[in-house]
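Survey of secondary and tertiary structure
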Amino acid sequence: MSEEKSKKREKQPVIEYNNKKYLRIPVKTHVIMRDDNIVDVVKKYTQEIVKEDDIVFISEKAVAITQGRAYPLEEIKPRPLARFLSRYVTKTPAGIGLGIPETMEMALRECGVLKILFAAVVSFFGKLIGRKGDFYRIAGYKASSIDGPTPNTLPPYNRYVVLGPENPDKVAKEISERIRAQVAIVDINDLGGNILGTSKESMDRNELLGILKDNPLGQCSEQTPIGIIRSIEA
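Residues numbered from 1 in each chain as written. Predicted model: local features only at pLDDT ≥ 70, side-chain atom pairs only at ≥ 80, totals over all residues. Heavy atoms only, no water.

**Things to note about unusual backbone geometry**
- With an omega of 5 degrees, the peptide bond between Pro 155 and Pro 156 qualifies as cis.
- Tracing the backbone through its elements, the reader meets Pro 156 in the loop between α8 (141-144) and β5 (160-162).
- Located in the positive-phi region is Asn 18, a residue other than glycine, with phi close to 50 degrees.
- The backbone of Asn 167 sits at a positive phi, close to 50 degrees, despite the residue not being glycine. (Helix = DSSP H or I, 4+ residues; strand = E, 2+ residues; numbered from the N terminus.)

**Concerning helix α2 (residues 38-46)**
- For α2, every residue scored as buried is listed here: Ile 38, Val 39, Val 41, Val 42, Tyr 45 and Thr 46. All buried residues of α2 lie within an arc of 165 degrees about the axis, which places them on one face of the element.
- Of the surrounding elements, those touching the buried residues of α2 are β2 (20-27), β3 (55-59), α3 (60-66), α9 (168-179) and β8 (226-232). (Buried < 20%, exposed > 50% of the residue type's maximum accessible area, 1.4 Å probe, protein only. Arc of directions from axis to C-beta. Contact = heavy atoms within 4.5 Å.)

**What to know about helix α5 (residues 101-111)**
- Of all 11 residues in α5, 9 are buried, a share of seventy percent or more.
- For α5, the complete set of buried residues consists of Pro 101, Glu 102, Thr 103, Met 104, Glu 105, Met 106, Ala 107, Leu 108 and Cys 111.
- Gly 112, located one to two residues past α5, shows a positive phi value of around 95 degrees.

**Quick notes on the pattern of salt bridges**
- According to the stated counting rule, one finds 11 salt bridges in the structure shown.
- We note a salt bridge from Arg 69 to Glu 166, for which the minimum N-O separation is 3.4 Å. Residue Arg 69 is found in the loop between α3 and β4 (70-72), and its partner Glu 166 is found in the loop between β5 and α9; the two are separated by 97 residues along the sequence.
- Arg 69 sits in the buried class, given a relative accessible area of 10%.
- On the basis of relative accessible area, Glu 166 is assigned to the partly exposed category, the value being 44%.
- A salt bridge links Asp 134 to Arg 131; its shortest N-O distance comes to 2.8 Å.
- Residue classification places Asp 134 among the buried positions, given a relative accessible area of 4%.
- By relative accessible area, Arg 131 is classed as partly exposed at 40%.
- Salt bridges here are not isolated pairs; linked through shared partners, they connect Arg 69, Glu 110 and Glu 166. (Salt bridge = Lys/Arg side-chain N within 4 Å of Asp/Glu carboxyl O.)

Shape descriptors only; they carry no functional weight alone.
The structure is reproduced here in structure tokens:
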């Protein structure tokens, strides 16, 4: 990759949203593993940085890993239906989604066979009339939050399938109580994302998505599963 292209892909720390400027601070951590406690991890790496009125945001993948929801590829045995359905998943630059048998198998387990089949049928007919997004709209969060392995994923998770976190609102509240700052659990990639959990119901999820729309933490080997949003003067 040329130096020019590399610079174009660099994430900018400051973004303007709704006429306000925000600094996004990536927080580097150790490689988070199943035995880690996500509350302890966030406190350890943010306590010297976070200020009053900051919002701490955490990758859903980091949360899910500490909940034991990351599975090595070799432990997943896809059924024939998973192999069949995965062939028809649209591939995107942001990741493989359910486009391999192993991730589709986990979607079948998480969501149920009938729901995935119904989503697949509706998606098929939707594409015939030029409509996109039906599959994940019907299959829901449990399907859309499944992360498959990619070559650029930080090892050892380049050989893992990671499901979405359980009870993200509850996790966000627990972390918030420890670090004394508002918290969001986010699922963001280079094509968009979702806010899965917040420490307060009153937090504006659309605003958070707008502030994080360019995926400031990256999605490769940055090793920055935590970030801090800080409002700054225009």
